[in-house]
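Here are the chains, one letter per residue:
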Amino acid sequence: MTELRGPVRIVGAGLIGTSIGLALARLGVVVELVDADPDNALMAERIGAGSRLVQIEPQLVVVAVPPDHVGEVVAEQLAQTGAIVTDAASVKSKPLADAARLTGDLSRYVGSHPMAGSERNGPLAARADLFDGATWAITPHETSAPEAVELVRRLAEASGARTVELSVEDHDLAVARVSHLPHLMSALAAGTLVDAPNSHLQLSGQGVRDVTRIAAGDPKLWTQIVSANSAALAGLLEQIRGELDRVLVALGKEEAAEELTTILGQGVSGAVRVPGKHGAPHIDLVTVLVTIPDRPGQLARLFADAAASGANVEDLRIDHSPARPVGEVELAVKPGSVDQLVEVLTERGWVVHR
Ligand SMILES: NC(=O)c1ccc[n+]([C@@H]2O[C@H](COP(=O)([O-])OP(=O)(O)OC[C@H]3O[C@@H](n4cnc5c(N)ncnc54)[C@H](O)[C@@H]3O)[C@@H](O)[C@H]2O)c1
Ligand SMILES: O=C(O)C(=O)C[C@]1(C(=O)O)C=C[C@@H](O)C=C1
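None of these values were measured; they are calculated from a predicted model. (Residues numbered from 1 in each chain as written. Chains lettered and ligands numbered in written order. Predicted model: local features only at pLDDT ≥ 70, side-chain atom pairs only at ≥ 80, totals over all residues. Heavy atoms only, no water.)

## A look at the site of ligand 1
In the vicinity of ligand 1, 27 residues are found, and the nearest of them are Asp35, Asn40, Val65, Ser90 and Gly122. Within the backbone of Ala36, a nitrogen or oxygen atom sits 3.1 Å from a nitrogen atom of ligand 1. Contacts to ligand 1 include Gly122, whose backbone N or O atom sits 2.7 Å from an oxygen atom. Within the complex, the protein chains bury 86% of what would otherwise be the 830 Å² of accessible surface of ligand 1. Residue assignment for the shell around ligand 1 shows that the elements contributing at least two residues are α1 (15–25), α3 (67–80), β5 (109–114) and α9 (219–228). Within the shell around ligand 1, the residues separate by chemical class into 16 nonpolar, nine polar and two charged. (Near = heavy atom within 4 Å. Polar contact = N/O pair within 3.5 Å; in protein donor to acceptor, adjacent residues only side chain to side chain. Areas by Shrake-Rupley, 256 points an atom, 1.4 Å probe, with all protein chains shown as cover. Helix = DSSP H or I, 4+ residues; strand = E, 2+ residues; numbered from the N terminus. Nonpolar A, V, L, I, M, F, W, Y, C, P; charged D, E, K, R; others polar.)

## Details of the site of ligand 2
Taken together, Ser90, His113, Pro114, Met115, Ala116, Gly117, Ser118, Glu119, Ser179, Arg213, Ile214 and Trp222 form the complete shell of residues around ligand 2. At 2.7 Å, a side-chain N or O of Ser90 approaches an oxygen atom of ligand 2. Surface burial for ligand 2 is 80%, taken as the share of its 370 Å² of free accessible area covered by protein chains. Tallied by class, residues from the shell around ligand 2 come to five nonpolar, five polar and two charged. If you count residues domain by domain, the shell around ligand 2 takes at least three from each of domain 1 (8–166) and domain 2 (172–271). (Domains from an automatic or database assignment.)

## Thoughts on the pattern of salt bridges
In total, this model carries 20 salt bridges according to the counting rule given. Ionic pairing is found between Glu45 and Arg52, a salt bridge with its closest N-O pair at 3.0 Å. Measuring nitrogen to oxygen at the nearest pair gives 3.8 Å for the salt bridge that ties Arg153 to Glu150. Pair noted here: Arg153 and Glu150 are both in helix α5 (residues 146–158), with a separation of three residues, about one helical turn. Classification of Glu150 as partly exposed rests on a relative accessible area of 23%. Here the salt bridges share partners, and the residues they tie into one network are Glu3, Glu150, Arg153, Arg154 and Glu165. (Salt bridge = Lys/Arg side-chain N within 4 Å of Asp/Glu carboxyl O. Buried < 20%, exposed > 50% of the residue type's maximum accessible area, 1.4 Å probe, protein only.)

## Concerning the packing of aromatic side chains
In this description, a pair of aromatic rings is defined by centroid distance and the angle of the planes. Summed over all chains, the structure comprises one aromatic pair. The interplanar angle of 55 degrees and the centroid separation of 5.3 Å between the aromatic rings of Phe131 and Trp136 together place this pair among those described as tilted. According to the relative accessible area criterion, Phe131 is buried, its value standing at 0%. (Phe/Tyr/Trp six-rings, centres within 6.5 Å; stacked < 30°, edge-to-face > 60°.)

## With respect to the domain arrangement of the chain
One frequent convention defines the size of an interface as the accessible area lost when the parts assemble. Examined at the domain level, the chain breaks down into domain 1 (8–166), domain 2 (172–271) and domain 3 (286–353). Measuring from the centre of the C-alpha atoms in domain 2 to the corresponding centre in domain 3 gives 31 Å.

## Structural notes on the environment of Asp105
Note on placement: Asp105 falls in the loop between α4 (93–102) and β5. Along the sequence, Asp105 and Thr192 sit 87 residues apart, while their C-alpha atoms lie 48 Å from each other. Here the side chain of Asp105 touches Ser107 through a polar contact of 2.8 Å, side chain to side chain.

## A look at the pairing of β5
Burial within β5 is extensive, with six of its six residues counted as buried. Here β5 shows no split at all, with Tyr109, Gly111 and His113 on one side and Val110, Ser112 and Pro114 on the other all buried.

## A word on the pairing of strand β2 (residues 31–34)
Note that strand β1 (residues 8–11) and β2 share four bridges and pair parallel. Looking at β2, one finds that Val11 is bridged to Val34. Assessed by its sense of winding, the connection that carries the chain from β1 through α1 to β2 is right-handed. (Pairing = 2+ DSSP bridges. Right-handed = clockwise from strand over helix to strand, strands pointing away.)

## Notes on the sheet that holds strand β4 (residues 84–87)
Sheet strands line up and pair through hydrogen bonds in the backbone, either parallel or antiparallel. One open sheet accounts for seven strands, arranged β2-β1-β3-β4-β5-β6-β7; its pairing is mixed. In this open sheet, the two edge strands, each paired with only one partner strand, are β2 and β7 (162–165). For this sheet, the mean angle separating the axes of adjacent strands, direction not counted, is 25 degrees. Where β5 lies against strand β6 (residues 135–139), four bridges are found, and the strand directions are antiparallel. Within β6, the position partnered with Pro114 by the bridge is Trp136. Against the sheet, α3 engages β1, β3 (60–63), β4 and β5, with an angle of about 165 degrees to β4. (Axes fitted to C-alpha atoms, helices over the stretch in contact; angles between N-to-C directions. Contact = heavy atoms within 4.5 Å.)

## With respect to the packing of helix α6 (residues 168–191) against helix α10 (residues 230–250)
Between α6 and α10, the least distance of the axes is 9 Å, while the angle of their chain directions is 55 degrees. As judged from the angle between their axes, α6 and α10 are oblique. Between α6 and α10 lies a crossing whose hand is right-handed. Counted together, Asp172, Leu173, Ala176, Arg177, His180, Leu181, Leu184 and Met185 of α6 and Ala232, Leu233, Leu236, Leu237 and Ile240 of α10 form the full contact between these two elements. For the contact of α6 with α10, the class distribution of residues is 10 nonpolar, one polar and two charged. (Parallel < 35°, antiparallel > 145°, perpendicular 65-115°, else oblique. Left-handed = near helix turned anticlockwise from the far one by under 90°.)

## A short note on the nonpolar core
Ranked by internal contacts, the top residues of the largest apolar core, which has 37 residues, are Val8, Ile16, Ile20, Leu24, Leu60, Phe131 and Trp136. For this core, the secondary-structure elements that each account for two or more residues are β1, α1, β2, β3, β6 and α5. Ranked by residue count, the leading element in this core is α5, at seven residues. Apart from residues lying up to four places away in sequence, Val8 is in contact with Leu24, Val29, Val30, Val31, Glu32, Leu60 and Val62. (Core = buried A, V, L, I, M, F, W, Y, C linked by side-chain atoms within 4.5 Å.)

In structure tokens:
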């Protein structure tokens, strides 16, 4: 059996590289941090993701640099070390093709892709628990050695993720649908806000925040991601163009209300197919709104009271009220625990709305 012993060399100590380093540090795996930007490597070291200087040859190298540079760094690391090499890029075909142009033997290389991230970048956005419960795609190519695939699986599991193995081509088709198209749609929706008057923006609620969060991702990184997956994206974008035309024709016409309902209904049917937490089937959560005073320790008290009710908080959002010294905390819980949660919180003096 192939064990992950370390050291693990991480090339690219940004959001993803530093998060992997922090996750491995929880298990005491020795991590070496390398970055073209010395400040990022230093920052990642300071927050505990590993060391900039490790004198022992790595067992595994993880390349976590932007997609356009992955192939060249993979080829470099294969040449410089005897280690197994993987990468974390959001697309898999282009890095593989780039690496294949630069090196003949790719048996020690297996592509991979943790399906968790953030709209923020750099080491300061990293989190040790970023991959806990997330899915991590492993994409062996024709000549990947089985022990290399196994070691990359160990890396993903050590980082807290569950693995899914699929081909490079299938991976790129899948992420076009579940990641790259949603990103483009979010960017297009957010782009319409640039010229919006402040009087319109002040009405922003949770809906627009949900739709636009990922639009804040680094435009340079996302240009590389979507360009490298253009073929898979083009088909989906054509489909959306057709749907937009249907909406434009139907909008505002009484006789076409049914057509609009059908289009919106398709959205509902698609949304419920998105798996829930830890890859479990989607379940509807119930949201409970709690008003909390804007004072130190209130959130901790609220969590302790929620725990006392026996409810597991599945998700959480905080909205700050601009005009009042309070915040609104949205706790999402399973339907079976909501009554008890509301009762206990109310008993303990919280202002609760369902
Ligand atoms: N952002 C996400 O949500 C997310 C999620 C999963 C995977 N990914 C993938 O992970 C990779 C890293 O993305 P990120 O969000 O961590 O970006 P990031 O900008 O936070 O980090 C990238 C780091 O790579 C360094 N770097 C760039 N070129 C380099 C080179 N040639 N050699 C060494 N270091 C180099 C940069 O200095 C930076 O520190 C990308 O391939 C991306 O597609 C991103
Ligand atoms: O949560 C987010 O901010 C993300 O967009 C993460 C996300 C995704 O689309 O799920 C983005 C790109 C990555 O390649 C993998 C994960």
